[in-house]
Amino acid sequence: MRPLGLWWGIVFLLSLGCEMDGQEGRDREVAQRVGPRLSRELEAKGLKLGQPVFLRIFKDERELELWVKKGVRYEKFRSYRVAGMSGQLGPKLAEGDRQAPEGFYYVKKSAMNPRSRWHLSFNVGYPNAYDRAHGRTGSFIMVHGNWQSIGCFAMTDAKIEEIYTICDAALDGGQPFFRVHIFPFRMEEKRMREVRESRWSEFWRNLREGYDWFERHQEPPNVEVVERRYVFDGE
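Here's a quick rundown of the structure. Source: prediction; values computed, not measured.

### Here we look at the sheet that holds strand 2 (residues 63-70)
Spatially, the five strands line up as an open sheet ordered 3-2-1-9-4, and their pairing is mixed. Two strands lie at the open edges of the sheet, namely strand 3 (73-81) and strand 4 (103-107), each paired on one side alone. Here the average twist between neighbouring strands, direction ignored, is 20°. Alignment of strand 4 against strand 9 (residues 178-183), held across five bridges, turns out to be antiparallel.

See the structure below:
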């Protein structure tokens, strides 16, 4: 059996692997290579590279959705299979617990990492205000390339090239940040009834409020934390 300290050291280094420097300028090379194709595919759906974007991730379905703004609403451009993810359903609680988080996060330009050891990556912003209010810890929770991950979301190199290029173009186009909403599963009534005895049922009901907001309006809500709960409103 490995000493406990060595094990946590390995976990920490793996998490840092998303952040370690690789080839400089990779994002520019990728954008030049895949950008023209993505522009054509977006335009075929009446969308445009550089418009605001929004991401939803569903852990149980292992799916990442990429939405692009069209007028006052968002339209889904593409769904991507999550190639690698660790942990169980439920929120991330502590550094090294191997859990991927659940909640409402956002990504600024400074969180984009074009020099990631795992091809390209961006930091989702865990822990957010809600996580901190509940004493949750952790760092370097990324969406990245490759096909394996501990606590992050690995998308494969080919898929992260598309996701990163579209999200980076939105930031360069003037979107100050893009939201990333991470759910345990699609929060429909039948599924919520199935998990009503879970220790996380109250937390998930709170997440569902944000899920339902987007389903109704096709626009992600403004999210705040009040008295250790998520609250939702329009911009």
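### Some points on the nonpolar core
Membership of the largest hydrophobic core comes to 38 residues, with the highest contact counts inside it found for Phe122, Ile163 and Phe178. Among the secondary structure elements, those contributing two or more residues to this core are helix 2 (26-44), strand 1 (53-58), strand 2, strand 3, strand 4, helix 4 (157-172) and strand 9. Broken down by element, the residue count for this core peaks at seven residues, all from helix 4. The residues contacting Phe178, other than those within four sequence positions of it, are Val53, Leu55, Tyr105, Tyr106, Val107, Met112, Phe122, Cys167 and Leu171. Grouped together as the second largest cluster of nonpolar side chains are 16 residues, Met192, Trp213, Tyr230 and Phe232 included.

### Comments concerning the pairing of strand 1
Look at any regular strand and the pattern is simple: side chains alternate between the two faces of the sheet. With respect to burial, strand 1 is a largely interior element, six of its six residues being buried. Where burial is concerned, the two faces of strand 1 agree: the one with Val53, Leu55 and Ile57 and the one with Phe54, Arg56 and Phe58 are both buried. As judged from the six bridges shared by strand 1 and strand 2, these two strands associate in the antiparallel manner. Among the inter-strand pairings, Leu55 is bridged to a residue of strand 2, identified as Leu66. Count of turn residues in the strand 1/strand 2 antiparallel hairpin: four residues, of which Arg62 carries a positive phi of about 55°.

### Concerning the packing of aromatic side chains
Think of a pair of aromatic rings as described by two things: how far the centres are apart, and how the planes are tilted against each other in angle. Enumeration according to the criterion identifies 17 aromatic pairs in this entry. Summarising the aromatic geometry, the rings of Phe104 and Phe183 are spaced 5.8 Å apart at their centres and angled 80° between planes, so their arrangement reads as edge-to-face. Taken together, the residues span a long stretch of sequence, with Phe104 in strand 4 and Phe183 in strand 9 at a distance of 79 residues. A relative accessible area of 1% places Phe183 in the buried class. Feature note: the residues Phe58, Phe104, Tyr130, Phe183, Trp200, Phe203, Tyr211, Tyr230 and Phe232 constitute an aromatic cluster, connected by ring pairs.

### Considering unusual backbone geometry
Following Tyr126, the chain continues to Pro127 via a peptide bond in cis, the omega torsion being 0°. Note that Pro127 resides in the loop between strand 6 (121-123) and helix 3 (129-133). Even without being a glycine, His119 presents a positive backbone phi close to 75°. The residue His119 is located in the loop between strand 5 (112-113) and strand 6 in this model. Relative accessible area serves as the criterion here: at 15%, His119 is assigned to the buried category. The phi angle at Asn146 is positive, at roughly 70°, despite the residue not being glycine. Inspection of the secondary structure puts Asn146 in the loop between strand 7 (142-144) and strand 8 (153-154).

Rules used in this analysis
Residues numbered from 1 in each chain as written. Predicted model: local features only at pLDDT ≥ 70, side-chain atom pairs only at ≥ 80, totals over all residues. Heavy atoms only, no water. Pairing = 2+ DSSP bridges. Helix = DSSP H or I, 4+ residues; strand = E, 2+ residues; numbered from the N terminus. Axes fitted to C-alpha atoms, helices over the stretch in contact; angles between N-to-C directions. Core = buried A, V, L, I, M, F, W, Y, C linked by side-chain atoms within 4.5 Å. Buried < 20%, exposed > 50% of the residue type's maximum accessible area, 1.4 Å probe, protein only. Contact = heavy atoms within 4.5 Å. Phe/Tyr/Trp six-rings, centres within 6.5 Å; stacked < 30°, edge-to-face > 60°.

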